[in-house]
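Residues per chain are reported as follows:
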Amino acid sequence: MRYLSIDRYDEEARDRLSRQFADARPFSHLVLDDMIVADQDEVMGGFPALDWDGWTVLTDSYQKGKRFCSEMELIPSVPRAMLQELNEPAFLKFVETITGTEKLLVDPYLEGAGLHCTGPGGRLSAHIDFHYYKALSVYRCLNVLLYLNPSWQDTDGGQLQLFDKGSTDPEVSVTPRYGRCVIFRTDDQSLHGVAPVLGTTEPRRSMAVYYYTSSESEVFSGGTATYWRTDGPTGLSRGDRARALATKGFVQASRVFAKAAHLTDPNVAKR
């Protein structure tokens, strides 16, 4: 049984999507609707509830209220099959064609990926993803997000936000409606986050897979860390303000050293 629909995109449609991806701003991305073709009740019935004991619950303020599960053996059968389909050769070939990225690799460990769930009041601060994945010695290049929220409205919040570098206002906001799939390039320019989930009784549900390549880009695309945007410490004690400013300085220094390491690496030009 197939859960996702890519067969409807013929060669002409894929060429059109490829141009849209390349031309999108603030960085390359695509938003594809109606990606899920399976029965909605079956799909939603297989997604775990907020109180599922398989969730890892994040408590830091950058990822307030976010739950995730990256362990395939714990994930129920239907969402597990959907995640596997996102990592199958047919879907990889589809993504390679529309993004112009060759020889994509999947992560069997689903580091940071898998099932995601955020309850009311949760959010994901603007950030730039890690680029180099030490566990497999590969380089992250694309994120694929699939949303599972049948009755979601714009007023429920939780939009995926894409930012131009240096801006605090999103250039693109994507409402996480059911069956919507977002594919975007991830590097040191792809600043993105999730707006606060507002007055809804339903959690924000999604699944995510990240794709990699074996070769580093000749252009610096980020280091091993996730870099969170700090929008200026407010409402903090004097000591916490000092710590926040110090953190911002260390993050900036870390990025400088990571870029310097890339530029001086004698193997980069040979890749």
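Below is a summary of the structure that appears in this document. (Residues numbered from 1 in each chain as written. Predicted model: local features only at pLDDT ≥ 70, side-chain atom pairs only at ≥ 80, totals over all residues. Heavy atoms only, no water.)

1. Observations concerning the side chain of Ser-5
Then comes step 1: With respect to the helices and strands, the residue Ser-5 is situated in the segment before helix H1 (11-23).
Then comes step 2: At 3.2 Å, the side chain of Ser-5 forms a polar contact with the side chain of Arg-8.
Then comes step 3: Residues in contact with Ser-5, not counting those within four places in the same chain, are Asp-34, Met-35 and Val-37. (Helix = DSSP H or I, 4+ residues; strand = E, 2+ residues; numbered from the N terminus. Polar contact = N/O pair within 3.5 Å; in protein donor to acceptor, adjacent residues only side chain to side chain. Contact = heavy atoms within 4.5 Å.)

2. Concerning the nonpolar core
The nonpolar side chains of a soluble globular protein tend to be buried with one another.
Then comes step 1: Judged by nonpolar contacts, the single largest core of 58 residues is most densely connected at Met-82, Phe-91 and Tyr-211.
Then comes step 2: In terms of residues, this core owes the most to one element, strand S7 (residues 138-147), which gives 7 residues.
Then comes step 3: Counting residues in each nonpolar core, the second largest holds 5 residues, with Ile-128, Phe-163, Leu-191 and Tyr-227 among its members. (Core = buried A, V, L, I, M, F, W, Y, C linked by side-chain atoms within 4.5 Å. Buried < 20%, exposed > 50% of the residue type's maximum accessible area, 1.4 Å probe, protein only.)

3. Concerning the packing of aromatic side chains
Then comes step 1: One pass over the structure, following the stated rule, counts 9 aromatic pairs.
Then comes step 2: Seen from their ring centres, Tyr-62 and Trp-228 are 4.9 Å apart, and the 10 degrees between their planes marks the pair as stacked. With a gap of 166 residues between them, Tyr-62 in the loop between strand S2 (56-57) and strand S3 (66-69) and Trp-228 in strand S13 (residues 227-228) connect regions that are remote in the sequence.
Then comes step 3: Looking at Tyr-62, the relative accessible area reads 26%, which means it is partly exposed.
Then comes step 4: Aromatic side chains Phe-130 and Tyr-133 sit 6.0 Å apart centroid to centroid with 50 degrees between the ring planes, which places their arrangement in the tilted category.
Then comes step 5: Grouping aromatic residues by their ring pairs yields a cluster made of Tyr-9, Phe-91 and Phe-94.
Then comes step 6: It is Arg-140 that lies over the ring of Phe-130; its NZ or CZ is 4.5 Å from the centre.
Then comes step 7: It is Arg-229 that lies over the ring of Phe-163; its NZ or CZ is 4.5 Å from the centre. (Phe/Tyr/Trp six-rings, centres within 6.5 Å; stacked < 30°, edge-to-face > 60°. Lys NZ or Arg CZ within 6 Å of the ring centre and 35° of its normal.)

4. So, the sheet that holds strand S9 (residues 172-174)
Then comes step 1: Judged by pairing direction, the sheet is antiparallel, and its 5 strands sit side by side in the order S9-S8-S11-S5-S13 without closing on themselves. The two strands at the open ends of the sheet, each matched to only one other strand, are S9 and S13.
Then comes step 2: One ladder, built from 2 bridges, connects strand S5 (residues 124-128) with S13; its direction is antiparallel. Note on S13: the bridge partner recorded for Ile-128 is Tyr-227. (Pairing = 2+ DSSP bridges.)

5. Remarks on H1
Then comes step 1: Under the 1.5 Å per step criterion, the end-to-end length of H1 is 19 Å for 13 residues, consistent within 8% with the ideal 18 Å.
Then comes step 2: Those residues of H1 lying buried are Ala-13, Arg-14, Leu-17 and Phe-21. The buried side chains of H1 occupy one side of the element, clustering within an arc of 95 degrees when seen end-on. Away from its buried face by more than 90 degrees, H1 exposes Glu-11, Glu-12, Arg-19 and Asp-23.
Then comes step 3: The elements touched by buried residues of H1 are strand S1 (29-32), helix H4 (89-99), S7 and strand S10 (181-185).
Then comes step 4: Sitting at the head of H1, Asp-10 places a side-chain oxygen 3.3 Å from the backbone nitrogen of Glu-12. (Expected span 1.5 Å × (residues − 1). Arc of directions from axis to C-beta.)

6. Let's talk about the pattern of salt bridges
Then comes step 1: Under the defined criterion, the tally for this structure stands at 7 salt bridges.
Then comes step 2: The salt bridge partner of Asp-33 is Arg-180, with a shortest N-O separation of 2.6 Å. Placement of Asp-33 in the loop between S1 and helix H2 (40-45) and of Arg-180 in the loop between S9 and S10 is noted, with a sequence separation of 147 residues between them.
Then comes step 3: Asp-129 serves as the salt-bridge partner of Arg-140, at 3.1 Å between the closest nitrogen and oxygen. Of this pair, Arg-140 sits in strand S7 while Asp-129 sits in the loop between S5 and strand S6 (132-133), and the two are 11 residues apart along the sequence. Asp-129 shares its class with Arg-140; the two are buried.
Then comes step 4: By sharing partners, the salt bridges in this structure join Arg-2, Glu-85 and Glu-88 into a single network. (Salt bridge = Lys/Arg side-chain N within 4 Å of Asp/Glu carboxyl O.)

7. Section: the packing of H1 against H4
The description of two packed helices rests on the angle between their axes and on the distance between the axes.
Then comes step 1: Running from N to C, H1 and H4 point in directions that differ by 60 degrees, and their axes come no closer than 7 Å. Classified by the angle between their axes, H1 and H4 sit oblique to one another. In this structure, H1 uses Arg-14, Leu-17, Ser-18 and Phe-21 to contact H4, whose residues at the interface are Phe-94, Thr-97, Ile-98 and Thr-99.
Then comes step 2: Among the residues forming the contact of H1 with H4, the class breakdown is 4 nonpolar, 3 polar and 1 charged. (Axes fitted to C-alpha atoms, helices over the stretch in contact; angles between N-to-C directions. Parallel < 35°, antiparallel > 145°, perpendicular 65-115°, else oblique. Nonpolar A, V, L, I, M, F, W, Y, C, P; charged D, E, K, R; others polar.)

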